[in-house]
Amino acid sequence: MAELRAPKPWHFDILVSDGFVLSEMAAVTDILRISNRTLARPMFSWSYRSIGGGIRRNPSDIAVETKDISPSPTADFLFVLGNADAERDNLVPSHAIRSYVSRGAKVYLLAEAAAQFIARDTSMAQRATHWENASLFWEKYGTFESENALAVDDGAIVTCAGMGATVDVMLVLIGDLLGKDVQINVANIMLHESVRGYGTLQPGQEAVSRVTGDREVDRSIALMHQHIDEPLSISEINDNIGTSPRALERKFQAHVGTSPSAFYRKIRLHRANNLLVNTTMSVTDIGVACGFGSGFSNRYKQVFGVSPNQVRKRLRIDTCKNTSILTETKDFTAHSSAKSG
């Protein structure tokens, strides 16, 4: 058993909305659960909260029963989960954040929740969100600044990239509360080789290509990620990294199985797909934002098999279906409550 250092148990409120990210919820609750198992007595408890309470579902149709946000919260920590819809209304209710902070709780905002908070609150000196959200909100607002770190601690509020980084954030917190020995023990049980610190750069954007191991290919792909809206020519990339066109072509074929120009085009198309499914930008604007002056729809269909407009149509249908399911669930819950009353 690990040595017990905590003076009292801690309670976590986990704020969820329809569309919540399941991996983030699992990271928070599993690490708390495993920590309890390694200690002489459980030191952590948690509750699921939402605006208004009731059942909340994620895109995989996993449901969780929640309680309404308390007007006078007593939790020591609030974790606000990210969401499949980066623009879902009110992921981070201002009154709730103020209420928790004023009562001494530490607030953790994950991924999309962090992005929404950053977009409306410019008082924080530094802040972090998932690199996808940083790109999306930059396109939406024109100005959006965040660190490319896994997380930033601004005192009362921690903004975080979410997703897999939630595990690291939780392990850092466990280490702060209970000591390094407990942190290492929990990390080992999670089969988590090392705990990444907050300042670790996210493996996205220009860092995404480091796994190839080839210096010229990695630097080329980094340049591609940095120049999405105004693409560089392959000759300009060659000039930047100091290699010949033929040499770079051979290296790309060997390491990623395609030419530099084809790889660059796919990077831009994947960014376009991200904007297509996560924003309300027009198809034309998305094409321009990803460096396609013309022919965007045809290029998109060649890679994804459907046109951008077909994707948008499917998304509208899925949204209508999900809205219908949620309405039926709420009606059923209300009916059951009335019947039991």
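Just above, that's the structure.
We now turn to the structure provided with this report. Treat the numbers as computed from the prediction; the structure is a model and nothing was measured.

**Remarks on the sheet that holds strand E7 (residues 151-153)**
Phase 1 of the analysis: As summarised here, the arrangement of the eight strands in space is E3-E4-E2-E1-E5-E6-E8-E7, forming an open sheet in which the pairing is mixed. Each edge of the open sheet is held by one strand with a lone partner, namely strand E3 (54-57) and E7. The sheet shows a mean angle of 30° between the axes of neighbouring strands, taken without regard to direction.
Phase 2 of the analysis: Strand direction decides the pairing type here: E7 and strand E8 (residues 157-160), joined by three bridges, are antiparallel. Counted as the bridge partner of Ala 151 is Cys 160 from E8.
Phase 3 of the analysis: Contacting strand E1 (10-15), strand E2 (44-50), strand E5 (77-80), strand E6 (106-110) and E8, helix H2 (residues 94-102) crosses the sheet at an angle of about 145° to E6.
Phase 4 of the analysis: Against the sheet, helix H3 (residues 112-120) contacts E5, E6 and E8, and its axis sits at roughly 105° relative to E6.

**Some words on the pattern of salt bridges**
Phase 1 of the analysis: Here the structure, examined in full by the defined rule, presents eight salt bridges.
Phase 2 of the analysis: One salt bridge connects Arg 49 with Asp 13, and the closest N-O pair in it is separated by 3.5 Å. Separated by 36 residues along the polypeptide, Arg 49 in strand E2 and Asp 13 in strand E1 bring together distant segments of the chain.
Phase 3 of the analysis: We note a salt bridge from Arg 196 to Asp 168, for which the minimum N-O separation is 2.7 Å. A residue pair is termed long-range when its members are at least 10 positions apart, and Arg 196 in the loop between helix H6 (180-189) and helix H7 (215-226) and Asp 168 in helix H5 (residues 165-178) qualify at 28 residues.
Phase 4 of the analysis: Under the relative-accessibility criterion, Arg 196 is labelled partly exposed at 27%.
Phase 5 of the analysis: Overall, Asp 168 belongs to the buried group, its relative accessible area being 1%.

**Quick look at the packing of helix H1 (residues 22-38) against H6**
Phase 1 of the analysis: Between H1 and H6, whose axes approach to 10 Å, the crossing angle comes to 115°. Here H1 and H6 pass one another in a crossing that is right-handed. Residues Ile 31, Ile 34, Ser 35, Arg 37 and Thr 38 of H1 form the contact with H6, whose own contacting residues are Val 182, Asn 185, Val 186 and Ile 189.

**A few points about the packing of H1 against H5**
Phase 1 of the analysis: At their nearest, the axes of H1 and H5 sit 9 Å apart, and the two run at 30° to each other. With respect to their mutual orientation, H1 and H5 come out roughly parallel. The handedness of the crossing between H1 and H5 comes out as right-handed. Of the residues in H5, those touching H1 at Glu 24, Ala 27, Val 28, Ile 31, Leu 32 and Ser 35 are Thr 166, Val 167, Met 170, Leu 171 and Ile 174.
Phase 2 of the analysis: Of the residues that constitute the contact of H1 with H5, the class distribution is eight nonpolar, two polar and one charged.

Conventions used here
Residues numbered from 1 in each chain as written. Predicted model: local features only at pLDDT ≥ 70, side-chain atom pairs only at ≥ 80, totals over all residues. Heavy atoms only, no water. Pairing = 2+ DSSP bridges. Helix = DSSP H or I, 4+ residues; strand = E, 2+ residues; numbered from the N terminus. Axes fitted to C-alpha atoms, helices over the stretch in contact; angles between N-to-C directions. Contact = heavy atoms within 4.5 Å. Salt bridge = Lys/Arg side-chain N within 4 Å of Asp/Glu carboxyl O. Buried < 20%, exposed > 50% of the residue type's maximum accessible area, 1.4 Å probe, protein only. Left-handed = near helix turned anticlockwise from the far one by under 90°. Parallel < 35°, antiparallel > 145°, perpendicular 65-115°, else oblique. Nonpolar A, V, L, I, M, F, W, Y, C, P; charged D, E, K, R; others polar.

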